[in-house]
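# Understanding the architecture of this molecule
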Amino acid sequence: MKYSSHLYYHTDGTFGRFPIVELDNTGRLISLTECTDTLTELAGIRFFAGIIVPYLVSTDEFVFHNKTEFCQMVNKRIDANNPDRIMLIEGFDLNTFDHSGMSIRELK
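Because the structure is a prediction, the values reported are computed rather than measured. (Residues numbered from 1 in each chain as written. Predicted model: local features only at pLDDT ≥ 70, side-chain atom pairs only at ≥ 80, totals over all residues. Heavy atoms only, no water.)

Note: most peptide bonds trans; most residues except glycine with negative phi. Phi at Phe-18 is positive, roughly 45°, even though this residue is not glycine. Mapped onto the elements, Phe-18 comes out in the loop between strand E2 (15-17) and strand E3 (19-23). Located in the positive-phi region is Phe-97, a residue other than glycine, with phi close to 60°. With respect to the helices, strands and loops of the structure, Phe-97 is situated in the loop between strand E6 (86-90) and strand E7 (103-106). (Helix = DSSP H or I, 4+ residues; strand = E, 2+ residues; numbered from the N terminus.)

Another point: the environment of Ile-78. For Ile-78, the position within the fold is in the loop between helix H1 (67-77) and E6. Separated by 20 residues in sequence, Ile-78 and Ser-58 place their C-alpha atoms 8.5 Å apart. Ignoring sequence-local partners within four residues, the contact set of Ile-78 consists of Thr-11, Pro-54, Tyr-55, Leu-56 and Val-57. (Contact = heavy atoms within 4.5 Å.)

Here you go:
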């Protein structure tokens, strides 16, 4: 399965734009391509409004009010034991990073 979103998170605290991630049928990451300024339309890609992040150990009490707090929360919770799994954080304003309405789920 192939997915894309507005952004994806680098563990150095920066964001890549319009990633295309490909997962195998067990949900493991096969490839990641960054499209930078525009998303190239390709058949079979599901697009989500949000940020693709590495797999997180816990999503309990995942609260942030700005980009810096978002990055701190992600970095504290990256699951080093699952480097080839990813999650989607969606349902919040990507400009202000207000977490209201946010949801987190694993992409499979």
